[in-house]
Amino acid sequence: MATHISRTQTTTPAAEAAREVVSYDPATGEVVGRAPLGSAEDVARAVGRARAAQKRWGALSFRERGAVMMRARAVVLEELEELAALISREAGKPDAEALSMELVPTLDLMQFFARRAARLLRPERLGIGLYRYLGRSSTIEYRPLGVVGIISPWNFPWAIPLGEVVMALMAGNAVVLKPSELTPLVALKIGEVFRRAGLPEGLLEIVTGDGSTGQALTEAGVDKIMFTGSVATGRRVAEAAARSLTPVVLELGGKDPMIVFEDADLEAASSAAVWGAFANSGQACASVERCYVHERVSAEFTSRVVAKTRALRQQAGEGADLAAMSSERQLATVEEHVREAVERGARVLAGGSRPKEMHAGGTFHEPTVLAGVDHTMMVMREETFGPVLPLMNFGTEEEAVRLANDSAFGLTASVWTRDISRGRRVAARIEAGTVMVNEVLYTHGIAQTPWGGVKQSGMGRTHGRLGLLELVAPHHIHVNRLARLHDVWWFGYTPEAARLFRSLARRFATGSALQTMLISPQLLRRLFDKRRGA
Ligand code: NDP
């Protein structure tokens, strides 16, 4: 029988007593299923199993690991419809978005890392400048870290953890994954997919639970933590990790700006703004949360945005453009931002509240367009993480850049212009991890490109080669082929040695072979003296 409850908390006292988290469909409030509430002991046991399993896995070739990955990919394809339905139900998003924003990108990511990890992590010989003339060489190999802890949010319950699981496993690690308490069933499905693909036991441990389970993972002695979530929790994770010097990657919030210049294609830019702000009900870290429009085209751009927003279909189930928000708590934040903006003089051009006719237990908020906003309002400063698109005018390129950079966040940004060189010029001045020209939101879906932010949006990267490098330990081996020669800088600090060191500072340290040749008699004399034991 379906249970209807408002989705504020999944670990209610009753659920806590039963040591379980309850998963709800945010569109209807119905219970989708239940999952264990993992304790610190459960986390410790999972880390132990993962550590034991990693030894053999880390020694396999990329080809062998890639074969498991491609089998997992085949399982995903086989179960595509069921997976889309589960993601859609548990996260409250349209089926279409479960496919386009979660499943399609991860299928691509799986084949990319299965096939390319070997090349991306192949051992390298490093250029070491003039030291090579001293018979030296340096190589670097990338070794697995061991056990990677992944803590993931609810907004992309499949794509975010799965992408990181794939990269961590391909790099030779084992994984302990702690998903959000709002979306445990999708995470358990990730485990099932890999089990069916024949991934050896222990390599992917999924510990469902709540914040306390996540906290236990930060204290469980894993070798790295990949955290995606809010700034507040990210700070707690970083503090806990610092105590044991566990490295962390933090993928945090955003307040991403979109700049629309007067020469932009307004038809495309207005559709992009509407999709970028309202896809996933605005619950994407890279959603368009601030839109700056050149004053010459502001009226036309705004009327297109408003018309397109009003045409969106918001409902539960098939055919929806937007569905529900993830939780009552998230909806309350959106309402607060809109209310405060309106109190301070903003105008609601579309939407503005919960829809009048919607399922009683559902957490819906209308796609909302605001004008007359400014940077004193919460809606322009704090992460709204909901379907709200505030529009603000600018007059000059300088002003647009200043407004875009006037934020504590720096995840992504987007610049719209037909003049690509202007697009690149402005992009270069924006403080963000990724700046797109004539695009919004989507580069998390490109497996080859790095994802991550600056400022409060986090540290470190996921995806692409830079993301893969976060999941390995660089192992540097330095060889001296002229083992019989003593180094000129070893003991025996005679006055001649001191003179040679001064020459090294002036000549050798320029990096120039020619300059170094000028001091070769001094160098050879020192080498010869040291060989004689002088
Ligand atoms: P939260 O920070 O609330 O939670 C993220 C994860 O951390 C969840 O699994 C949560 O568990 C867990 N957690 C909670 N408390 C702790 C703790 N003390 N120690 C360790 N883990 C803990 O974020 P949301 O789930 O609400 O996600 C939304 C946020 O994520 C937004 O700010 C968004 O911008 C950001 N985000 C960033 C992305 C990026 O790539 N930069 C991508 C997607 C989202 P539980 O849910 O069970 O409490």
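Since we're looking at a predicted model, the values are computed, not measured.

Draft legend 1. Examining the environment of His486 more closely. Tracing the backbone shows His486 in the loop between strand E20 (472-480) and helix H17 (495-506). For His486, a relative accessible area of 30% puts it in the partly exposed group. Taking the C-alpha atoms as reference points, His486 and Arg526, separated by 40 residues in sequence, lie 9.4 Å from one another. Aside from chain neighbours lying at most four places away, what touches His486 is Leu527, Lys530 and Arg531.

Draft legend 2. Layout of the packing of helix H3 (residues 62-78) against helix H7 (residues 184-196). Two elements in contact, H3 and H7, have axes whose closest approach is 8 Å; the angle formed by their N-to-C orientations is 120°. Considering the angle they form, H3 stands oblique to H7. In the crossing of H3 with H7, the sense of the turn from one axis to the other is right-handed. Mapping the contact onto sequence places Met69, Ala72, Val75, Val76 and Glu78 in H3 and Val193, Phe194 and Arg196 in H7.

Draft legend 3. Region of interest: the site of the ligand. Of all residues adjacent to the ligand, which total 31 residues, the nearest are Ser152, Ser230, Leu252, Cys285 and Glu383. Measuring from an oxygen atom of the ligand, one finds a side-chain N or O atom of Trp154 at 2.9 Å. With respect to the ligand, the side chain of Lys178 contributes an N or O atom lying 2.9 Å from an oxygen atom. Burial of the ligand by the protein amounts to 92% of the accessible area it has alone, namely 910 Å². Secondary-structure elements contributing two or more residues to the shell around the ligand are helix H8 (211-218), strand E8 (224-228) and helix H9 (231-243). Here the shell around the ligand spans two domains, since at least three of its residues come from each of domain 1 (31-252 + 466-474) and domain 2 (256-447).

Draft legend 4. Structural context of the packing of helix H5 (residues 95-120) against helix H6 (residues 159-170). Where H5 contacts H6, the axes come no closer than 10 Å and their chain directions differ by 5°. Looking at the two axes, H5 sits roughly parallel to H6. Residue-level inspection shows Met101, Glu102, Thr106, Leu109, Met110, Phe113, Ala114 and Ala117 of H5 in contact with H6, the latter providing Ala159, Leu162, Gly163, Val166, Met167 and Met170. Within the contact of H5 with H6, the residues separate by chemical class into 11 nonpolar, 2 polar and 1 charged.

Draft legend 5. Representation of the sheet that holds strand E5 (residues 147-151). Read from one edge to the other, the open sheet built from 6 strands follows the order E7-E6-E5-E8-E9-E19, with strand pairing classed as mixed. Unpaired on one side and paired on the other, strand E7 (204-206) and strand E19 (458-459) mark the two borders of the sheet. Judged from the 4 bridges that link them, E5 and E8 form a sheet pairing that is parallel. Each residue of the ladder has a partner; that of Ile151, found in E8, is Phe227. Against the sheet, helix H2 (residues 40-59) touches E5, strand E6 (174-178) and E7, its axis set at about 155° to E6. On the sheet, H8 packs against E5, E6 and E8 and is oriented at approximately 155° with respect to E5.

Draft legend 6. Region of interest: the pattern of salt bridges. Scanning the entire structure with this criterion turns up 33 salt bridges. Between Glu124 and Arg465 there is a salt bridge, with the nearest N and O atoms lying 3.0 Å from each other. One end of the pair, Glu124, is in strand E3 (residues 124-126); the other, Arg465, is in helix H16 (residues 464-469), and 341 residues separate them in sequence. A relative accessible area of 33% means that Arg465 is categorised as partly exposed. For Arg532, the salt bridge identified is with Asp529, shortest N-O distance 3.1 Å.

Draft legend 7. Quick peek at the packing of aromatic side chains. Following the criterion strictly, the structure yields 6 aromatic pairs and no others. The interplanar angle of 65° and the centroid separation of 5.4 Å between the aromatic rings of Phe491 and Tyr493 together place this pair among those described as edge-to-face. Grouping residues by exposure puts Phe491 and Tyr493 together as exposed. Judged by centre distance (6.3 Å) and plane angle (75°), the rings of Tyr493 and Phe501 are edge-to-face. One aromatic cluster in this structure is built from Phe491, Tyr493 and Phe501. The side chain of Arg65 reaches across the aromatic face of Phe62, ending 5.0 Å from its centre.

Definitions and cut-offs
- Residues numbered from 1 in each chain as written.
- Predicted model: local features only at pLDDT ≥ 70, side-chain atom pairs only at ≥ 80, totals over all residues.
- Heavy atoms only, no water.
- Helix = DSSP H or I, 4+ residues; strand = E, 2+ residues; numbered from the N terminus.
- Buried < 20%, exposed > 50% of the residue type's maximum accessible area, 1.4 Å probe, protein only.
- Contact = heavy atoms within 4.5 Å.
- Axes fitted to C-alpha atoms, helices over the stretch in contact; angles between N-to-C directions.
- Parallel < 35°, antiparallel > 145°, perpendicular 65-115°, else oblique.
- Left-handed = near helix turned anticlockwise from the far one by under 90°.
- Near = heavy atom within 4 Å.
- Polar contact = N/O pair within 3.5 Å; in protein donor to acceptor, adjacent residues only side chain to side chain.
- Areas by Shrake-Rupley, 256 points an atom, 1.4 Å probe, with all protein chains shown as cover.
- Domains from an automatic or database assignment.
- Nonpolar A, V, L, I, M, F, W, Y, C, P; charged D, E, K, R; others polar.
- Pairing = 2+ DSSP bridges.
- Salt bridge = Lys/Arg side-chain N within 4 Å of Asp/Glu carboxyl O.
- Phe/Tyr/Trp six-rings, centres within 6.5 Å; stacked < 30°, edge-to-face > 60°.
- Lys NZ or Arg CZ within 6 Å of the ring centre and 35° of its normal.

Such coordinate-based values are descriptive only and should not be taken to indicate function.
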